[in-house]
Amino acid sequence: MTDSVQAYLDTGLRDLWYPVLASWEVHSAPVGITRLSQQIVLWRDDKGHVHALEDRCPHRGARLSMGWNLGERIACWYHGVAVNGAGQVEEVPAVDNCPLVGQKCVRHYPVKETQGAIFLWFGVQPDDPPGELRFPQELEDETQYSQFLCTAAWQCNYQYALENVMDPMHGTYLHSSSHSMAEGDRQADMSLHPTDDGFIFQKDGQQGVNFDWVEFGDTGAQWMRLSIPYKRRFGPGGHFWIVGMVVPEDENHCRVFFWRIRRVSGWQRDMWRFMYRHRLEKLHWDVLEQDRIVLESLAPNARQHEFLYQHDVGLSRLRRVMQKMARAQIDRLTACNTAQSLTP
Ligand code: FES
Ligand SMILES: [Fe+2]
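Quantities reported herein were computed from a predicted structural model and do not represent experimental measurements.

(A) Structural detail: empty space enclosed by the protein. This model, assessed by the stated rule, comprises two cavities of 30 Å³ or more. Residue lining of the second largest cavity: Trp-17, Tyr-18, Pro-19, Tyr-158, Leu-162, Ala-221, Gln-222, Met-245 and Val-246, and that is the complete set. Mapped onto the lining of the second largest cavity, the elements with two or more residues apiece are strand 1 (16–22), helix 3 (158–165) and strand 16 (240–250). Tallying contributions element by element places strand 1 first for the lining of the second largest cavity, with three residues. Within the lining of the second largest cavity, the residues separate by chemical class into eight nonpolar, one polar and no charged. Of the domains in this structure, domain 1 (16–122) and domain 2 (137–322) are the two that each give at least three residues to the lining of the second largest cavity.

(B) A look at the packing of aromatic side chains. What the rule picks out here adds up to twelve aromatic pairs. Seen from their ring centres, Phe-199 and Phe-216 are 5.8 Å apart, and the 35° between their planes marks the pair as tilted. Of this pair, Phe-199 sits in strand 13 (residues 198–203) while Phe-216 is found in strand 14 (residues 213–218), placing the two residues 17 residues apart along the sequence. Accessibility expressed as a relative area gives 3% for Phe-199, which makes it buried. By relative accessible area, which is 2% here, Phe-216 ends up buried. Clustering of aromatic rings is evident, with ring pairs tying together Phe-119, Phe-135, Phe-257 and Trp-259. Above the plane of the ring of Trp-272 lies Arg-262, whose end atom (NZ or CZ) is 5.7 Å from the centre. Arg-317 extends its terminal NZ or CZ atom over the ring of Phe-199, reaching a point 5.8 Å from the ring centre.

(C) Geometry of the nonpolar core. One finds Leu-13, Leu-42, Leu-120, Trp-154 and Trp-259 to be the most contacted residues of the largest nonpolar core, which totals 85 residues. If you count residues domain by domain, this core takes at least three from each of domain 1 (16–122) and domain 2 (137–322). Setting aside chain neighbours within four positions, we find Trp-259 in contact with Pro-19, Gln-115, Ala-117, Phe-119, Leu-139, Gln-147, Phe-148, Leu-149, Trp-241, Ile-242, Val-243 and Met-245. Within the second largest apolar cluster, 14 residues are counted, among which are Trp-43, Leu-53, Cys-57 and Leu-64.

(D) View of the sheet that holds strand 3 (residues 38–44). In space, the three strands of this open sheet follow the order 2-3-4, with antiparallel pairing throughout. Either end of the sheet is taken by a strand with one partner, and the two such strands are strand 2 (31–35) and strand 4 (50–54). With direction set aside, neighbouring strand axes in the sheet form an average angle of 30°. Pairing geometry for strand 3 and strand 4, over five bridges, is antiparallel. Counted as the bridge partner of Val-41 is Leu-53 from strand 4.

(E) Just the domain arrangement of the protein, in detail. Domains assigned within the protein are domain 1 (16–122) and domain 2 (137–322). With centres defined by C-alpha atoms, the gap from domain 1 to domain 2 works out at 33 Å. Contacts between the two partners involve 17 residues from domain 1, matched on the other side by 20 residues from domain 2. Together domain 1 and domain 2 conceal approximately 1400 Å² of surface at their shared face, both sides included; 60% is due to carbon and sulfur atoms. Interface area lost by domain 1 to domain 2 is led by Leu-16, Pro-19 and Gln-115, which between them contribute 40%. On inspection of domain 1 and its partner domain 2, the count reaches two salt bridges. Close ionic contact of Glu-249 with Arg-35 constitutes a salt bridge, the shortest N to O distance being 3.5 Å. Linking domain 1 to domain 2 there are six residue pairs in polar contact (both at pLDDT 80 or more). Sorting the residues of the side of domain 1 that touches domain 2 by element identifies strand 1, strand 2 and strand 10 (117–122) as the ones contributing at least two each.

(F) Fine view of the coordination of the iron ion (ligand 2). Around the iron ion (ligand 2), the donor atoms from the protein are His-170 (NE2), His-175 (NE2), Asp-291 (OD) and Asp-291 (OD), and they sit 2.1 to 2.5 Å away. Each of the four donor atoms bound to the iron ion (ligand 2) contributes to angles spanning 56 to 145°, and the resulting shape is irregular. The motif formed by the donor residues of the iron ion (ligand 2), counted along the single chain, is H-x4-H-x115-D. Here the residue His-170 occupies a position in helix 4 (residues 170–174), and Asp-291 occupies one in helix 5 (residues 266–296), the gap between them amounting to 121 residues. Note on accessibility: His-170 and Asp-291 belong to one class, buried.

Criteria and thresholds
- Residues numbered from 1 in each chain as written.
- Chains lettered and ligands numbered in written order.
- Predicted model: local features only at pLDDT ≥ 70, side-chain atom pairs only at ≥ 80, totals over all residues.
- Heavy atoms only, no water.
- 1 Å grid on protein atoms, 1.4 Å probe; cavity = no way out; pocket = protein on both sides within 12 Å on 5 of 7 lines; lining within 4 Å.
- Points joined across faces, edges and corners; volume = space filled by probe spheres on them.
- Helix = DSSP H or I, 4+ residues; strand = E, 2+ residues; numbered from the N terminus.
- Nonpolar A, V, L, I, M, F, W, Y, C, P; charged D, E, K, R; others polar.
- Domains from an automatic or database assignment.
- Phe/Tyr/Trp six-rings, centres within 6.5 Å; stacked < 30°, edge-to-face > 60°.
- Buried < 20%, exposed > 50% of the residue type's maximum accessible area, 1.4 Å probe, protein only.
- Lys NZ or Arg CZ within 6 Å of the ring centre and 35° of its normal.
- Core = buried A, V, L, I, M, F, W, Y, C linked by side-chain atoms within 4.5 Å.
- Contact = heavy atoms within 4.5 Å.
- Pairing = 2+ DSSP bridges.
- Axes fitted to C-alpha atoms, helices over the stretch in contact; angles between N-to-C directions.
- Buried area = accessible area lost by both parts, 1.4 Å probe.
- Salt bridge = Lys/Arg side-chain N within 4 Å of Asp/Glu carboxyl O.
- Polar contact = N/O pair within 3.5 Å; in protein donor to acceptor, adjacent residues only side chain to side chain.
- Donors = N, O, S within 2.8 Å, 3.2 Å for Na, K, Ca; no water.
- Tetrahedral: all angles 85-135°; square planar, octahedral: opposite > 155°, others 65-115°.

Structure follows, in structure tokens:
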């Protein structure tokens, strides 16, 4: 693999939807964030719709996230220039007939708010139209399933967070003291199986005991899905499902999103939600903390000094999938740049 492919991957693949914040984090006050090494401002208008723009005032570059929410527009704190949700300047209050009015000079990001999170589309080129976004059934089907979203900022490159989930064997060791992952073999043979949207990586001969399999899928956003068997005393609903997504912030930071899901409806849904909030949420945070601590303290450039073995086939496959996507995106960018430079 060339350095340029790895450098591209370190910032984040595009042509994808990513969750960037939980819904509860965006109110009317503008919020400034960094995702895929891009500075972005989000705000919610008076109808509740979320808008997302490059966090840069077209006048002299002040952060729009320090400005004012004017509903469907945002006004810069510095000299009051107002930009709409499409990235077009609507008003320059300090000057009559300013030629800046009407210009579209700030990147805008297509937004979807769903599953308790705000998703933004990151095209390869800023104006690429957004692709379709589907979710795994456990997230999509809100009548049969009930979920809690948990999100956290981690100080590591996003690829380590993805690869951590593609490595089911760590559950038996790192999380051996956890209530849900104490059981099962501490040795296993593992195998890969393709699916319509990606692949499954699983322990052979052990299912329904621990974190025994994981699936990677790409349905407009990249996700990982797994299930962990639950003892009856932890409430109704059979297996405990987790759907995870990771968004890069910059090369050394990412944001993880984990939806914790059970198949429950009716009164059982209320009971499980109560139980989750009061008994289980803390336990799950403890497990996530174990992951965070290991990943944030990996040796410098850990990836360059690895010695992988059979249990790492899942993450190796994921790396190949992502490298292929990165190469295709770099080729598209190069082709566009070449075409632009040839345009008279
Ligand atoms: S820098 Fe934003 S209005 Fe001047
Ligand atoms: Fe883990």
